[in-house]
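Coordinate analysis (summary)
Letter by letter, the chains look like this.
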Amino acid sequence: MDMLTIGAFAKACRLSPKALRLYDELELLRPARVDPESGYRYYAPEQLEQARLVAWLRRLGMPLARIREVCALEPASAAAEIRAYWARVEAETATRRDLAAFLVDHLSQVPRKDTTMLELRYAALSDTGLVRPANQDTAYAGTRVLAVADGFGPAGAPASTAAVEALKFLDTEPLTAGSVLNLLEDAVQGATQAVQDATRNPKEDGTTLTAMLWTGSQLALVHIGDSRAYLLRDGSLFQITHDHTMVQSMIDEGRLTLEEATAHPQRALLLKALTGAAPAPTPDVRLHDAQPGDRYLLCSDGLSSVVPDSEIQETLTTIPAPEQAVRALIIAANNSGGPDNVSCVVADVVTAESR
C-alpha cells in the first residue's frame, strides 16, 4: 500500500504537521505506520477523508474532545451532532451580539436630563448550598449599596464579610455628583484593608467582590473576581462584568472555546481577588445609567456556574418581586446540585411614584 509522508499528508488534508502530531497524541488521528527507528509518521490515502473532517470541524471551533466523538459516529449521527453543535454556537453568538448592541447603545446614549425620580427595590439572599459545610458568601442590599462577595480559603467567611461591611457606610454617605467613582474606589481600598485585617494568609485567604452604588440615576459598579453582575433590560439579559479568571483570559486570547472552558480543570482559578496582599489588584470600576424597568442581578459563581443564563433570564423575567426572584434563583442552583455556596442580590429600578 502506498503511504504518504506526514508532510505530503499534511499538504493534502490542509492540516499542519504540528497539528497531525497533536492529533496522534490525542488518539484523534493516528498514523497508519510509524517507523520504529526514526519515529517518522506515515499515513494511508484512505485517511484523508477523516483528516479533512477533523480540519473542517476545527475551523468550526469544535473542541477536540467533541471532534473525537463525531469522528466515531456513523455519517447520519455525525451530521446530527454537528447540527446540534452549530445551533449552540449560533445561540451563543446571538447572546454576544446582543451584548455588543447593548454596549454600543450604552456608550452612545446622551445622559438623561429629565427629573424623573428613581429608586431601587431590592432583596438579598445567601445559601450554603448542598455540598459545602459552611457558607463563605456574603450578600447585602441596602438603600444605596448592593454587594456580593465570595470568600475562599480557611478565612474566606471573615474575608467576604469584611469586604461587604467596609462598603455599608456608603448607604448614608453624602454623594457628590461626579465624585461617586472616586468615592467607590476609596471604599474598595478600605475593603482591601478590612480583608487584610480579617485574614492571616494572603496566599490562601481572600474574597471576590461585586458591588454597585446607587446615586439616584446611575449605578456605580466595582468588580473583582468571578462573582457577576447582570442587567435585565427590555427582556434581554446582559452580563456587565468580566470574570477575572485564568479560563476567561484564555477565552479572551482565543486559546479556549466557551465549551472547552466549562470542563477546564482550572476554571475556578482567579487572576484577581481581594486578599490583602500588596500591591492590591485594580478592580473594574465604571458607571451605568439606569432606566425605569431595569433589573440588576449580582451573584456568586455558585449560581452562574451551574444555572444557564437562559434559565436565569427566564426567572428574572417571570418573577416580579425581588424577594421571590432571589429565592427562586437559589432554588435553581440547589436543584442543579448546589455544589457551592450561592448568593444573589436582585434590584429593580422603579419610579418613585410607583411604590
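Here, every reference points to the structure presented above.
Residues numbered from 1 in each chain as written. Predicted model: local features only at pLDDT ≥ 70, side-chain atom pairs only at ≥ 80, totals over all residues. Heavy atoms only, no water.

What follows concerns the overall build of the chain. Assigned secondary structure in the chain consists of twelve helices and 14 strands. Across the 355 residues that make up the chain, the buried fraction comes to 45%. When contacts within the chain are restricted to residue pairs at least 6 apart in sequence, those whose partners lie at least 24 apart make up 67%. About 18,100 Å² of surface is accessible on the chain, with carbon and sulfur atoms providing 53% of the total. (Helix = DSSP H or I, 4+ residues; strand = E, 2+ residues; numbered from the N terminus. Buried < 20%, exposed > 50% of the residue type's maximum accessible area, 1.4 Å probe, protein only. Contact = heavy atoms within 4.5 Å. Areas by Shrake-Rupley, 256 points an atom, 1.4 Å probe, with all protein chains shown as cover.)

Attention now goes to the layout of surface pockets. Volume-wise, the second largest pocket comes out at about 230 Å³. In this structure, the second largest pocket is lined by Glu 49, Gln 50, Leu 53, Trp 56, Val 70, Cys 71, Leu 73, Glu 74, Pro 75, Ala 78, Ala 79 and Ile 82. Secondary-structure elements contributing two or more residues to the lining of the second largest pocket are helix H3 (48-59), helix H4 (64-71) and helix H5 (75-108). A breakdown of the residues in the lining of the second largest pocket according to their chemical character gives nine nonpolar, one polar and two charged. (1 Å grid on protein atoms, 1.4 Å probe; cavity = no way out; pocket = protein on both sides within 12 Å on 5 of 7 lines; lining within 4 Å. Points joined across faces, edges and corners; volume = space filled by probe spheres on them. Nonpolar A, V, L, I, M, F, W, Y, C, P; charged D, E, K, R; others polar.)

As enumerated under the stated definition, the model contains two aromatic pairs in all. Both rings, one in Tyr 40 and one in Tyr 42, keep their centres 5.7 Å apart while their planes meet at 65 degrees; by these two values the pair is edge-to-face. When the ring centre of Tyr 42 is taken as reference, the NZ or CZ atom of Arg 33 above it lies at 4.7 Å. (Phe/Tyr/Trp six-rings, centres within 6.5 Å; stacked < 30°, edge-to-face > 60°. Lys NZ or Arg CZ within 6 Å of the ring centre and 35° of its normal.)

To continue, consider the pairing of strand S13 (residues 295-299). Burial within S13 is extensive, with five of its five residues counted as buried. Neither face of S13 is open: one carries Arg 295, Leu 297 and Cys 299, the other Tyr 296 and Leu 298, and all of them are buried. Relative to S13, strand S10 (residues 228-233) runs antiparallel, the two being bridged by five bridges. Looking across to S13, one finds that Leu 231 is bridged to Tyr 296. Two strands pair when backbone bridges link them, and S13 and strand S14 (residues 342-351) are joined in this way by five bridges, in the antiparallel orientation. Pairing of Leu 297 across the sheet is with Val 346, part of S14. (Pairing = 2+ DSSP bridges.)

On to the nonpolar core, then. Within soluble globular proteins, side chains that are nonpolar tend to cluster in buried spots. Ranked by size, the top nonpolar core spans 26 residues in total, and within it Val 145, Leu 170, Leu 209, Leu 213 and Leu 274 carry the most contacts. For this core, the secondary-structure elements that each account for two or more residues are strand S6 (145-152), helix H6 (156-165), helix H7 (180-198), strand S8 (209-214) and strand S9 (218-224). The greatest single-element share of this core, amounting to eight residues, is contributed by H7. Contacts of Leu 209, omitting those with residues within four sequence positions, involve Val 148, Ala 149, Ala 163, Val 164, Leu 167, Val 222, His 223, Ile 224 and Leu 274. Counting residues in each nonpolar core, the second largest holds 23 residues, with Ala 10, Cys 13, Leu 20 and Val 89 among its members. (Core = buried A, V, L, I, M, F, W, Y, C linked by side-chain atoms within 4.5 Å.)

With that out of the way, let us pick up the pattern of salt bridges. Tallied over the entire structure, the rule returns nine salt bridges. Arg 132 is the partner of Asp 340 in a salt bridge, and the nearest nitrogen-oxygen pair spans 3.3 Å. Highlighted residues: Asp 340 in the loop between helix H12 (322-335) and S14 and Arg 132 in the loop between strand S4 (118-127) and strand S5 (137-141), separated in sequence by 208 residues. Between Arg 295 and Asp 348 there is a salt bridge, with the nearest N and O atoms lying 2.5 Å from each other. Here Arg 295, found in strand S13, pairs with Asp 348, found in strand S14; they are 53 residues apart in sequence, far enough to count as distant. Accessibility classification places Arg 295 together with Asp 348 in one group, the buried group. (Salt bridge = Lys/Arg side-chain N within 4 Å of Asp/Glu carboxyl O.)

This part takes up the sheet that holds S10. Pairing in this open sheet of five strands is antiparallel, and the strands run S4-S14-S13-S10-S11 from one edge to the other. Edge strands, defined here as strands with exactly one partner in the open sheet, are S4 and strand S11 (236-239). The mean inter-strand angle of the sheet, taken between neighbouring strand axes irrespective of direction, is 20 degrees. Relative to S14, S4 is paired through ten bridges, and the arrangement is antiparallel. Each bridged residue has a counterpart across the sheet, and for Tyr 122 the counterpart in S14 is Ala 347. Seen against the sheet, H12 touches S4, S13 and S14 and runs at an angle of roughly 30 degrees to S4. (Axes fitted to C-alpha atoms, helices over the stretch in contact; angles between N-to-C directions.)

So, on to H4. Listed in full, the buried residues belonging to H4 are Leu 64, Arg 66, Ile 67 and Val 70. Taken around the axis of H4, the buried residues stretch over an arc of 155 degrees, which confines them to a single face. (Arc of directions from axis to C-beta.)

The next point concerns the sheet that holds strand S2 (residues 33-34). Strand pairing in a sheet takes place through backbone hydrogen bonds and is either antiparallel or parallel in direction. Here we have three strands laid out as an open sheet, ordered S1-S3-S2, and antiparallel in their pairing. Both edges of this open sheet fall to strand S1 (4-5) and S2, since each of them pairs with a single strand only. Looking at chain direction, S1 and strand S3 (residues 41-43) are connected through two bridges and run antiparallel. Across the sheet, residue Thr 5 finds its bridge partner in S3, namely Tyr 42.

Let's shift gears to the state of the cysteines. Evaluation of the coordinates by the stated rule reveals zero disulfides. No disulfide involves Cys 299; its sulfur sits 5.8 Å from that of Cys 344, the nearest cysteine. A residue is classified by how much of its surface remains accessible, and Cys 299, at 0% relative accessible area, is buried. (Disulfide = S-S within 2.5 Å.)

Time to look at unusual backbone geometry. Of note in this structure, Arg 14 is not a glycine but carries a positive phi near 65 degrees. Backbone geometry places Asp 234, a non-glycine residue, at a positive phi of 55 degrees. In this fold, Asp 234 is placed in the loop between S10 and S11. With relative accessibility at 75%, the residue Asp 234 sits in the exposed group.

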